[in-house]
Amino acid sequence: MTSLATSSSATAAEAAAAEAHGGHADLRLFGLATFLVADGMTFAGFFAAYLTFRAVNPLPAGSTYELELLLPSINTMLLLVSSYTFHRSGRNLLLGRMGPCRNWLLLTAALGAAFLAGQMVEYFTLPFGLTDNLFASTFYALTGFHGLHVTLGVICILLVWVQTRNGGRVTSTTPFGLEAAELYWHFVDGIWVVLYGILYLL
């Protein structure tokens, strides 16, 4: 029964989107996905450069540091859990449960903010600065660029939360705002998992 209701909601949402675009298919999510692929290439460039430097021109002794794993591991768990909470928010939106949808959104934003706080704590306790050497510069460039994405994601989540309130633009029949923010957030989480593996575990 729930699956039938969800399917009906999704169909209604698609119909509303098509009507809002003059009968044409709504390609906004496709456009966002294309943008994220391009954005992912930027991260891929960072990853490739760092791995190439390490393979072709090994960093001299003393230019790498033993990074603490506890805080980054906690941050990884925060982001992975936030992907689940965002998914729960989207499911509740499609079922028309606006209260739980907003609550899950706020929890997701809080998890994202906790991640950023953890990253700032790490920055203040690292034994190296931005310009110390190649490793330090790459570390700050990668984590800082990702942190910028998380910050933008938290802002987007809060904007969507505002738009889910009574009379807002995000409803079960017009879910694009939440779907776009959720897709972006899953992208940011996926990038962090790769970044965590390369910088902290290799």
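No experiment lies behind these values; they were computed from the predicted model shown. (Residues numbered from 1 in each chain as written. Predicted model: local features only at pLDDT ≥ 70, side-chain atom pairs only at ≥ 80, totals over all residues. Heavy atoms only, no water.)

(A) Quick look at the overall build of the chain. If you tally the helices and strands in the chain, you get six helices and zero strands. When the helices and strands of the chain are read in sequence order from the N terminus, they spell out α-α-α-α-α-α. For the chain, the proportion of its 202 residues judged to be buried stands at 39%. Summing over all exposed atoms, the chain offers an accessible surface of approximately 10,700 Å²; the carbon and sulfur share of this is 69%. (Helix = DSSP H or I, 4+ residues; strand = E, 2+ residues; numbered from the N terminus. Buried < 20%, exposed > 50% of the residue type's maximum accessible area, 1.4 Å probe, protein only. Areas by Shrake-Rupley, 256 points an atom, 1.4 Å probe, with all protein chains shown as cover.)

(B) Summary view of the packing of aromatic side chains. Tallied over the full model, the rule gives 13 aromatic pairs. For the pair Phe43 and Phe187, a centre-to-centre distance of 6.5 Å together with 65° between the ring planes defines the contact as edge-to-face. Residue Phe43 is located in helix α2 (residues 28-56), and its partner Phe187 is located in helix α6 (residues 176-201); the two are separated by 144 residues in the primary sequence. The buried category is assigned to Phe43, whose relative accessible area is 1%. (Phe/Tyr/Trp six-rings, centres within 6.5 Å; stacked < 30°, edge-to-face > 60°.)

(C) Representation of the UniProt feature "transmembrane region" (unreviewed entry) in the chain in the model. UniProt's feature table lists "transmembrane region" (unreviewed entry) at residues 27-53, 65-84, 104-126, 138-163 and 183-201, given in the numbering used throughout. As annotated, residues 104-126 comprises 96% helix and 0% strand, and the C-alpha atoms at either end are separated by 33 Å. When the span residues 183-201 is considered, its composition is 100% helix and 0% strand, and the gap between its end C-alpha atoms is 26 Å. (UniProt positions renumbered as here; feature names shortened; annotations may be inferred.)

(D) Focus on the nonpolar core. Ranked by size, the top nonpolar core spans 42 residues in total, and within it Phe128, Phe139 and Leu178 carry the most contacts. Elements with a minimum of two residues in this core: α2, α3 (70-94), α4 (98-125), α5 (134-163) and α6. Looking at which element gives the most residues to this core, the answer is α6, with 14 residues. If sequence neighbours within four positions are ignored, Leu178 has contacts with Phe86, Ser89, Gly90, Leu93, Cys101, Leu105, Val160 and Val170. (Core = buried A, V, L, I, M, F, W, Y, C linked by side-chain atoms within 4.5 Å. Contact = heavy atoms within 4.5 Å.)

(E) A nonpolar patch on the surface, seen in detail. Together, Met77, Leu80, Val81 and Val193 give the surface a local cluster of nonpolar side chains, amounting to about 330 Å² of exposed area. Assignment of secondary structure puts Leu80 in helix α3. By relative accessible area, Leu80 is classed as partly exposed at 42%. (Patch = residues over 30% accessible without salt bridge, like charges linked within 9 Å, V, L, I, M, F, W, Y side chains within 5 Å. Salt bridge = Lys/Arg side-chain N within 4 Å of Asp/Glu carboxyl O.)

(F) Broad picture of the side chain of Arg102. Along the chain, the position of Arg102 falls in helix α4. Separated by 2.8 Å, the side chain of Arg102 and the backbone oxygen of Thr164 make a polar contact. (Polar contact = N/O pair within 3.5 Å; in protein donor to acceptor, adjacent residues only side chain to side chain.)

(G) Region of the structure containing the environment of Leu148. Following the sequence through the fold, Leu148 ends up in helix α5. Here Leu148 falls in the partly exposed class, since its relative accessible area comes to 44%. When the C-alpha atoms of Leu148 and Leu116 are compared, they prove to be 9.3 Å apart, with 32 residues separating the residues in sequence.

(H) Region of interest: the confidence of the model for the chain. Here the chain shows a mean pLDDT of 85. Residues at 70 or above account for 83%. Here residues 1-10 is modelled with pLDDT under 50, and outside its nearest four sequence neighbours on either side it reaches five contacts, counting other chains as well. (pLDDT = per-residue confidence, 0-100.)

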